[in-house]
Amino acid sequence: MSQNPPDQTSPELWAAVDAYMSAALPDSDPALAAVQAANAAAGLPSIDVAPNQGKLLHILARLIGARRILEIGTLGGYSAIWLARALPPGGKLVSLEFQPRHAEIAQQNLETAGVGDLVEIRVGPALETLPKLEGHEAFDFVFIDADKESNAAYLDWAIRLTRPGGLVVCDNVVRRGGVIDPDHPNTATQGTRRFFEALAKEKRLTATGLQTVGVKGWDGLVIGIVEA
Ligand SMILES: C[S@@+](CC[C@H](N)C(=O)[O-])C[C@H]1O[C@@H](n2cnc3c(N)ncnc32)[C@H](O)[C@@H]1O
């Protein structure tokens with residue numbers, strides 16, 4: 001340890017540690033790197049999960065033997081590829097996306113990555129596409145990562161559509177600490193606060209929140225298991 005330890009609040013240091021760990025425990029490969037490059041070339045915002053978070057989703061899905069996965073918020077398909085790669089033969093990922101252009105780019109990326117046949121992208125506002133999933137086989141895993149304003153409603157749908165023992169993961173729940181400010185002006189942050197209020201009353205899910213720092217800055221995840 002050097003005599004002057006680096007500033008622990010430095011985003012550059014968080015990113016450097018992510019880079020160090022990703023080099024030690026590869027969190028990417030040419031197909032995933034190509035997707036990130038294709039998304040950047042298409043002008044998509046860089047709001048997909050970090051490589052190590054994509055790998056965490058993949059590990060969680062494999063851990064519970066997920067056969068049916070639901071994602072709310074596809075963007076260019078980066079997290080979808082990590083999740084689809086966790087599926088066994090015959091498994092399926094349904095990913096919901098509002099923007100037709102994002103869905104189109106994601107479809108191309110999924111096919112390039114060799115998982116196109118495992119993923120169905122449904123285009124439209126998720127609050128309209130979610131009810132259409134009712135009455136089908138339950139999901140094992142739901143990843144919520146779309147418009148944060150609707151997260152409380154997505155939480156309810158995720159629990160309704162998931163089997164007991166299944167997992168619900170929600171991204172971006174810390175928002176650089178903004179989540180603790182009741183008067184925060186950002187609607188996404190207010191949506192995240194409503195998500196936590198709903199979660200606090202929720203008996204159908206046992207959940208915890210984790211802060212994260214890294215290449216995507218300071219944020220966090222909620223991970224919960226659906227009760228019987
Ligand atoms: C954070 S990005 C998803 C990133 C992706 N999960 C990943 O990590 O690769 C959020 C996506 O949700 C989409 N979205 C926003 N509002 C939506 C809505 N009402 N219904 C469905 N998708 C929505 C956005 O167009 C955007 O593509």
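Just above, that's the structure.
Keep in mind that this is a model prediction, so the values were computed, not measured. (Residues numbered from 1 in each chain as written. Predicted model: local features only at pLDDT ≥ 70, side-chain atom pairs only at ≥ 80, totals over all residues. Heavy atoms only, no water.)

## What to know about the site of the ligand
Surrounding the ligand, one finds 22 residues, the nearest of these being V49, S79, E97, H102 and D145. Taking L75, its main chain carries an N or O atom lying 3.3 Å from an oxygen atom of the ligand. Interatomic distance of 2.6 Å between a side-chain N/O atom of E97 and an oxygen atom of the ligand. For the ligand, whose accessible area on its own is 600 Å², the fraction buried by protein is 90%. Those elements that provide at least two residues to the shell around the ligand are α4 (78-84) and β2 (92-97). (Near = heavy atom within 4 Å. Polar contact = N/O pair within 3.5 Å; in protein donor to acceptor, adjacent residues only side chain to side chain. Areas by Shrake-Rupley, 256 points an atom, 1.4 Å probe, with all protein chains shown as cover. Helix = DSSP H or I, 4+ residues; strand = E, 2+ residues; numbered from the N terminus.)

## Focus on the packing of aromatic side chains
Geometry of an aromatic ring pair is reported as the spacing of the ring centres plus the angle between the planes. One pass over the full model with this rule turns up one aromatic pair. Taking 5.7 Å as the distance between ring centres and 75° as the angle between the ring planes, the aromatic pair formed by F195 and F196 counts as edge-to-face. Exposure remark for F196: the relative accessible area of 30% places this residue in the partly exposed category. Between the NZ or CZ atom of R68 and the centre of the ring of F139, over which it lies, the distance is 4.5 Å. Positioned over the ring face of W157 is R160, at 4.0 Å from the centre of the ring. (Phe/Tyr/Trp six-rings, centres within 6.5 Å; stacked < 30°, edge-to-face > 60°. Buried < 20%, exposed > 50% of the residue type's maximum accessible area, 1.4 Å probe, protein only. Lys NZ or Arg CZ within 6 Å of the ring centre and 35° of its normal.)

## Re the environment of G54
Along the chain, the position of G54 falls in helix α3 (residues 51-63). Accessibility expressed as a relative area gives 0% for G54, which makes it buried. Taking the C-alpha atoms as reference, G54 lies 29 Å from G135; in sequence the two are 81 residues apart. Among all residues touching G54, those that are not within four sequence positions of it are V49 and W82. (Contact = heavy atoms within 4.5 Å.)

## A word on the environment of I159
Relative to the elements of secondary structure, I159 occurs in helix α7 (residues 151-160). For the pair I159 and G114, spaced 45 residues apart in the sequence, the C-alpha separation amounts to 30 Å. Once residues within four sequence positions are removed from consideration, I159 is found in contact with E202, R204, L205 and V226.

## Observations regarding a nonpolar patch on the surface
The grouping of V17, Y20 and M21 at the surface amounts to a nonpolar patch, some 310 Å² of accessible area in total. Its location among the elements puts V17 in helix α1 (residues 11-24). (Patch = residues over 30% accessible without salt bridge, like charges linked within 9 Å, V, L, I, M, F, W, Y side chains within 5 Å. Salt bridge = Lys/Arg side-chain N within 4 Å of Asp/Glu carboxyl O.)

## Re the packing of α7 against helix α8 (residues 187-201)
Axis angle and axis distance: for two packed helices, these are the angle between their axes and the distance between the axes, and together they describe the pair. As a packed pair, α7 and α8 sit with axes 7 Å apart at the nearest point and diverge in direction by 40°. On the basis of their axis angle, the class for α7 and α8 is oblique. Here N151, A152 and L155 of α7 come into contact with α8, specifically with G191, R194, F195, A198 and L199. Along the lines of polarity and charge, the residues of the contact of α7 with α8 split into five nonpolar, two polar and one charged. (Axes fitted to C-alpha atoms, helices over the stretch in contact; angles between N-to-C directions. Parallel < 35°, antiparallel > 145°, perpendicular 65-115°, else oblique. Nonpolar A, V, L, I, M, F, W, Y, C, P; charged D, E, K, R; others polar.)

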